[in-house]
Amino acid sequence: VSTRAPVTAATTGIGATRGRLMVGGPTPLPPEVAAAGALPVFDERTPAFAELFVRVTDRLRAVFGTGNDVLTFTASATGALESVIQNILSPGDRVLVASNGLYGERLAQMCRAFRVDVVPVATGWGQPLDLDRIAGTVAADPGIAAAFAVHCESSTGMVNDVAGFASATAGRISVVDAASSLGACELAADAWGIDVVAAASQKALMAPPGLSFVSVSPRAWSAAARSAMPRYYFDWELTRRAFADGARTAFTPAVGLFVQLDRAIDLLMAEGLAEVRRRHALLGRLARTGIAAMGLAPFAPEEWASPTVTAVRLPPGVSGRQVVDRAARDQGVQFAPGSGDLVDRLIRIGHCGHVDVHDIATAVNALELTLAALGQDVPVGAAAAAIQAAIAAETGGRDD
Ligand SMILES: Cc1ncc(COP(=O)(O)O)c(C=O)c1O
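On a predicted model such as this, the values are computed, not experimentally measured, just so you know.

Visitor: Got a sec to walk through the site of the ligand? Specific residues and values, please.
Guide: All residues in the neighbourhood of the ligand are listed as S76, A77, T78, Y103, V150, C152, S154, D177, A179, S180, Q202 and K203. A77 places a polar main-chain atom, nitrogen or oxygen, 2.9 Å from an oxygen atom of the ligand. Here the ligand, which alone exposes 400 Å², has 87% of that area covered by the protein. Broken down by class, the residue content of the shell around the ligand amounts to five nonpolar, five polar and two charged.

Structure below.
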């Protein structure tokens, strides 16, 4: 991860000389993106920045699957999501929030923080969204102005059917948190009728944390014109006007992050967006193959399993924090524990962004060794064998 990664060979004793970042985000930087971070900072009031900003924005549109405006903020994904609430709603408005995990629940909390009335449509963590109940709730309440959902619910390793969600809430402004899916999972904002999609730089976009984005449909712009919510830094109209006026940002941009993101998008485009999605789907399948061979089960039902993060149910006798600490200390592999009440029942393996099949094999090996070191009866080597077989099966029969 860095020359000063917290885990070194000296501490692991097994010869792991690099920390390996296997959390849902931030994700590892490709070397080209890391190197771009070392370039000198330059003035944003220049043609060079304007050109960069336009190029990044145009290509982000392709990633979002939209012809609408894409606005960029210097903030993490939560900032972009906060901007949505501030710009399309007024205090006292009513919204539907669909949730089946931590980030769905957080959307509801954020709306309430801005005095927005929330109609929650929750299903249990790990259960799919209940689209019938969502459609019924919207139909029964014409006062619902907007509907919010999470695409990849990274707390549980699930991908929600946001195309179905947008249909179920058609007629209201649909808002999707795509922080953990944009770029890695299929997402077609316009074709699916999603008015607003929010995401950030530090996941599948393979850039450092610090930039976030929203795509804004004409209907969402109309709502922004009516909204009476106080706002300033995240004001969409200020942001749009600055962009229209010579591709500027309204406030000092994180210039270096734009440079790094531009380089990361070069890599995504060179690989091809469809290929990037295919690779993530494969990484998810391999992770699940490996953990199944270890006798463990993913938290998410297979049908909804995420290509970017796999939440693994732990056997009794080990806790999420214990496994995460031990794997980092001894193997140099950084996993994440579960979220919320599941903190100790799960670990989460991120396989998002600059990750390949061999990273999955390493991650699963490290997990197996860690569980064995913690006294669990795991068949050491089984996961590696299963993953090798799966990789061979995926690539078998090809001439190249
Ligand atoms: C689905 C989802 N939403 C929101 C967030 C919060 O993003 P940030 O920490 O960039 O504000 C995350 C981060 O993991 C996420 O996975």
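From this point on, the discussion continues.
Visitor: Tell me what's going on with helix 13 (residues 320–331), and back it up with residues and numbers.
Guide: Relative to the 16 Å expected for twelve residues at 1.5 Å per residue, helix 13 spans 16 Å between its end C-alpha atoms, a close match to the ideal helical length. Restricting attention to buried positions, one finds in helix 13 the residues G320, V323, V324, A327, A328, D330 and Q331. Positive phi appears at G332, one or two residues downstream of helix 13, with a value of about 75°.

Visitor: Could you give me a rundown of the side chain of S154, with the residues and numbers involved?
Guide: In this fold, S154 is placed in the loop between strand 6 (152–153) and strand 7 (158–159). For S154, a relative accessible area of 7% puts it in the buried group. Excluding anything up to four places from it in sequence, S154 contacts Y103, S180, V309 and R348.

Visitor: Lay out the pairing of strand 5 (residues 144–150) with the relevant residues and their values.
Guide: Counted residue by residue, strand 5 has six buried out of seven residues, so it is predominantly covered. With four bridges joining them, strand 3 (residues 94–99) and strand 5 adopt parallel strand pairing. If you follow R94 over to strand 5, its bridge partner there is I144. Sheet topology places strand 5 next to strand 8 (residues 173–177); five bridges connect them, and they run parallel.

Visitor: Can you lay out the sheet that holds strand 9 (residues 196–200) for me, pointing to particular residues and giving the numbers?
Guide: Read across the sheet, seven strands follow the order 2-10-9-8-5-3-4 without closing on themselves; strand pairing throughout is mixed. Of all strands in the sheet, those bounded by a partner on one side alone are strand 2 (69–74) and strand 4 (117–122). In this sheet, adjacent strand axes meet at a mean angle of 20° when their direction is disregarded. Pairing of strand 8 with strand 9 involves three bridges; the strand directions are parallel. If you follow V175 over to strand 9, its bridge partner there is V196. Contacting strand 3, strand 4, strand 5 and strand 8, helix 5 (residues 102–113) runs over the sheet at an angle of about 160° to strand 3. Sheet strands in contact with helix 10 (residues 236–244) are strand 2, strand 9 and strand 10 (211–216), and its direction is about 105° off that of strand 2.

Definitions and cut-offs
- Residues numbered from 1 in each chain as written.
- Predicted model: local features only at pLDDT ≥ 70, side-chain atom pairs only at ≥ 80, totals over all residues.
- Heavy atoms only, no water.
- Near = heavy atom within 4 Å.
- Polar contact = N/O pair within 3.5 Å; in protein donor to acceptor, adjacent residues only side chain to side chain.
- Areas by Shrake-Rupley, 256 points an atom, 1.4 Å probe, with all protein chains shown as cover.
- Nonpolar A, V, L, I, M, F, W, Y, C, P; charged D, E, K, R; others polar.
- Helix = DSSP H or I, 4+ residues; strand = E, 2+ residues; numbered from the N terminus.
- Expected span 1.5 Å × (residues − 1).
- Buried < 20%, exposed > 50% of the residue type's maximum accessible area, 1.4 Å probe, protein only.
- Contact = heavy atoms within 4.5 Å.
- Pairing = 2+ DSSP bridges.
- Axes fitted to C-alpha atoms, helices over the stretch in contact; angles between N-to-C directions.

Shape is all these values report; function is a separate question.
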